[in-house]
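Here is what each chain is made of, one letter per residue.
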Amino acid sequence: MTYGDGVVKSRTAREKADDGYVPSPRRIERERFKRARARRATAVAALSTLVTGAVLFLVITRSPGWPRTRETFFSLEYARMALPKVLDGLLLNLRLLVVCGAAVLVLGLLLAVARTLRGPVFFPLRALAAAYTDFFRGLPLIICLLMVVFGVPALRLQGVTTDPVLLGGSALVLTYSAYVAEVFRAGIESVHPSQRAAARSLGLSGGQALRFVVLPQAVRRVVPPLLNDLVSLQKDTGLVSIAGAVDAVYAAQIIAGKDFNFTPYVVAGLVFVALTIPMTRCTDWITARMDRRRAQGGLV
């Protein structure tokens with residue numbers, strides 16, 4: 001290396017050092033103020049939470065009926081006795097969630113596609129799909145369960161099952177598919193018509209444009225509300241207990257009916273909550289991830 005090269009390199013290093021960013025005192029003070037404000041907000045939130053929890057604890061535990069309530073609803077003895085049976089019944093709820101969830105997604109997508117078909121020849125199909133969604137969205141789920149579970153066996157049809165689990169699952173599918181169909185339809189209609197027109201201009205038929213262009217975009221857009229519906233379905237699987245199916249809720253009811261202690265219901269409720277919270281947090285994470293990708297232009 002020559003003397004000239006050394007001079008040039010040293011000058012370049014000095015210029016890079018001169019060009020380095022040095023925050024101003026005002027910016028440093030602003031950042032320090034933001035950190036202090038964040039710490040103060042966290043401390044205030046923690047203190048207010050502790051105070052609120054302490055007040056609620058004192059109000060509940062100092063109430064006149066608390067000893068009897070604690071014995072009736074929060075007995076550790078009954079909780080230990082109920083937990084294994086409630087978990088055994090929970091397996092039925094999980095099977096219903098998987099099977100009914102898959103059936104709901106398929107039937108809901110078919111209903112949504114039927115409602116978005118174009119042309120006068122498809123009017124009867126659109127009318128039937130609209131009538132189905134309007135009827136089962138307006139009908140309370142508990143009434144649908146009672147009608148299916150007790151009405152279908154009363155018909156005495158040959159080859160039709162009388163299994164309360166299958167009938168209860170069918171009622172869940174009938175009701176939730178109507179809600180999911182509207183979610184899918186909203187996603188399909190949110191896709192800009194230019195997407196379909198561009199697909200047709202490339203030589204795709206109407207069905208191919210729907211399958212390869214519209215539906216992929218629509219499904220991605222409605223993933224968060226679909227997950228919320230699945231969370232609701234997971235909770236409502238406990239309603240099949242009215243048909244006599246021994247799930248987590250009915251297992252708790254059997255134990256509670258022996259000694260009139262309602263701790264098993266609390267155990268069943270906590271089990272459902274423990275199962276629902278991860279699904280809810282997963283839904284929030286997926287929603288936030290999709291929002292970030294959409295904001296960055298990475299999601300159509």
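Here, every reference points to the structure presented above.
Residues numbered from 1 in each chain as written. Predicted model: local features only at pLDDT ≥ 70, side-chain atom pairs only at ≥ 80, totals over all residues. Heavy atoms only, no water.

S.K.: Account for the pattern of salt bridges, with residues named and values stated.
M.R.: Inspection of the entire model under this criterion finds 7 salt bridges. Measuring nitrogen to oxygen at the nearest pair gives 2.6 Å for the salt bridge that ties Glu 29 to Arg 32. Of the two residues, Glu 29 and Arg 32 are both situated in helix 2 (residues 25–61); the distance of 3 residues between them amounts to about one turn of the helix. According to the relative accessible area criterion, Glu 29 is partly exposed, its value standing at 45%. Overall, the relative accessible area of 41% leaves Arg 32 in the partly exposed class. The salt bridge involving Glu 182 is made with Arg 137; its shortest N-O contact spans 3.5 Å. One end of the pair, Glu 182, is in helix 7 (residues 164–190); the other, Arg 137, is in helix 5 (residues 123–138), and 45 residues separate them in sequence. Relative accessible area serves as the criterion here: at 15%, Glu 182 is assigned to the buried category. According to the relative accessible area criterion, Arg 137 is partly exposed, its value standing at 38%. (Salt bridge = Lys/Arg side-chain N within 4 Å of Asp/Glu carboxyl O. Helix = DSSP H or I, 4+ residues; strand = E, 2+ residues; numbered from the N terminus. Buried < 20%, exposed > 50% of the residue type's maximum accessible area, 1.4 Å probe, protein only.)

S.K.: So what's going on with the packing of helix 4 (residues 76–116) against helix 5? Which residues, and what values?
M.R.: Close contact between helix 4 and helix 5 brings their axes to 8 Å; oriented N to C, the two are set at 130°. Considered as vectors, helix 4 and helix 5 are oriented oblique to each other. When the axes of helix 4 and helix 5 are compared, the crossing they make is left-handed. Contacts from Leu 107, Leu 111, Ala 114 and Arg 115 of helix 4 reach helix 5 at Leu 125, Arg 126, Ala 129, Ala 130, Tyr 132 and Thr 133. Classifying every residue of the contact of helix 4 with helix 5 gives 7 nonpolar, 1 polar and 2 charged. (Axes fitted to C-alpha atoms, helices over the stretch in contact; angles between N-to-C directions. Parallel < 35°, antiparallel > 145°, perpendicular 65-115°, else oblique. Left-handed = near helix turned anticlockwise from the far one by under 90°. Contact = heavy atoms within 4.5 Å. Nonpolar A, V, L, I, M, F, W, Y, C, P; charged D, E, K, R; others polar.)

S.K.: Which residues make up empty space enclosed by the protein, and what values do they have?
M.R.: Throughout the structure, instances matching the rule amount to 1 cavity of 30 Å³ or more. Within this model, the largest cavity holds a volume of roughly 30 Å³. Taken together, Val 104, Leu 105, Tyr 176, Val 180, Leu 226, Asp 229, Leu 230 and Leu 233 make up the lining of the largest cavity. Of all the elements in the fold, those that place two or more residues in the lining of the largest cavity are helix 4, helix 7 and helix 10 (223–236). No other element matches the 4 residues that helix 10 contributes to the lining of the largest cavity. Along the lines of polarity and charge, the residues of the lining of the largest cavity split into 7 nonpolar, no polar and 1 charged. (1 Å grid on protein atoms, 1.4 Å probe; cavity = no way out; pocket = protein on both sides within 12 Å on 5 of 7 lines; lining within 4 Å. Points joined across faces, edges and corners; volume = space filled by probe spheres on them.)

Function-wise, these values are silent; they only describe arrangement.
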